[in-house]
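The primary structure of each chain is shown beneath.
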Amino acid sequence: MLLTYDQVVHDYELPATEGKRGDPRWPAFARRYGFDIEHPVQWEVEALEPDELRRLVLNAVDPYIDRQVLAQQTARQEEQRRALASFVRGWGAAGGTPA
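The structure displayed is predicted, hence computed values, not measured ones.

Novice: When you look at the layout of surface pockets in this model, what are you seeing that I'm missing?
Specialist: One way to see where empty space is left: roll a probe the size of a water molecule over the atoms. Roughly 730 Å³ of volume is contained in the largest pocket. If you go around the largest pocket, you meet 20 residues; those closest to its centre are Leu 2, Arg 25, Phe 29, Gln 42 and Trp 43. Of all the secondary-structure elements, those providing two or more residues to the lining of the largest pocket are helix H1 (5-11), helix H2 (26-33) and strand E2 (41-43). Of the residues in the lining of the largest pocket, the class split is 13 nonpolar, 3 polar and 4 charged.

In structure tokens, the structure reads:
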């Protein structure tokens, strides 16, 4: 997942850590935002609160979700859950094997 510079620095005020030396993207990023090219920095998205991270991810993927496919898969998963629950309820009956 990627956050914008404004999100990292202004919205969430995430702490910077030493970046990866040799990252080919660093020089352009450093020039664009006024960082020292010789001292790469990075921010870890894991520093966000889990609920906020979840909200950001869901908002990012929401436009790409096919609601019809999601509904079909959710129904299929529920059907499988019911079948498994029925299997487990039958376990132990009839001498230790599923009914």
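Novice: Would you mind showing me how to read the pattern of salt bridges here?
Specialist: Close approach of charged atoms allows side chains of opposite charge to pair. Scanning the model with the defined rule gives 6 salt bridges in all. Arg 81 serves as the salt-bridge partner of Glu 78, at 2.8 Å between the closest nitrogen and oxygen. In this pair, Glu 78 and Arg 81 are both assigned in helix H4 (residues 67-90), 3 residues apart and thus about one turn of the helix distant. By relative accessible area, which is 46% here, Arg 81 ends up partly exposed. One salt bridge in this structure joins Glu 78 and Arg 82, with 3.8 Å as the shortest N-O distance. Highlighted residues: Glu 78 and Arg 82, both in helix H4, separated by 4 residues, approximately one helical turn.

Novice: In this structure, what is going on with the packing of aromatic side chains? I would like to understand it.
Specialist: Each aromatic ring pair is summarised here by two numbers: the centre-to-centre distance and the angle between the ring planes. Across all of its chains, the model carries 11 aromatic pairs by this definition. Note on Phe 29 and Phe 35: the rings are 5.9 Å apart at their centroids and 10° apart in plane angle, and the pair reads as stacked. Overall, the relative accessible area of 28% leaves Phe 29 in the partly exposed class. Exposure remark for Phe 35: the relative accessible area of 24% places this residue in the partly exposed category. Feature note: the residues Tyr 5, Trp 26, Phe 29, Tyr 33, Phe 35 and Trp 43 constitute an aromatic cluster, connected by ring pairs.

Scoring rules and cut-offs
- As a convention, each chain's residues are numbered from 1 in the sequence order in which they are written.
- It should be noted that, the model being predicted, local features are given only for residues of pLDDT at least 70 and side-chain atom pairs only at 80 or more, the latter also being counted only at that level, while totals for whole chains, interfaces and linings use all residues.
- Based on all heavy atoms of the structure, the side-chain values leave hydrogens and waters out of the count.
- The rule is simple: put a 1 Å grid over the protein atoms alone, call a set of points where a 1.4 Å probe fits but cannot get out a cavity, call an open set with protein on both sides within 12 Å along at least five of seven lines a pocket, and count a residue as lining if it has an atom within 4 Å of a point.
- Grid points are joined across faces, edges and corners, and a volume is the space filled by probe spheres set on the points.
- Secondary structure elements follow DSSP: runs of H or I no shorter than four residues count as helices, runs of E no shorter than two count as strands, and numbering proceeds from the N terminus.
- Charged residues are taken to be Asp, Glu, Lys and Arg, nonpolar residues to be Ala, Val, Leu, Ile, Met, Phe, Trp, Tyr, Cys and Pro, and polar residues to be all remaining types, Gly included.
- Throughout this description, the term salt bridge denotes a Lys or Arg side-chain nitrogen within 4 Å of a carboxyl oxygen of Asp or Glu.
- Each residue's exposure class comes from its accessible area (1.4 Å probe, protein chains only) as a fraction of the maximum for that residue type: buried when under 20%, exposed when over 50%, partly exposed otherwise.
- To pair, rings of Phe, Tyr and Trp, with the six-membered ring standing in for Trp, must have centres within 6.5 Å; the planes then decide the type, stacked if under 30 degrees apart, edge-to-face if over 60, and tilted in the middle.

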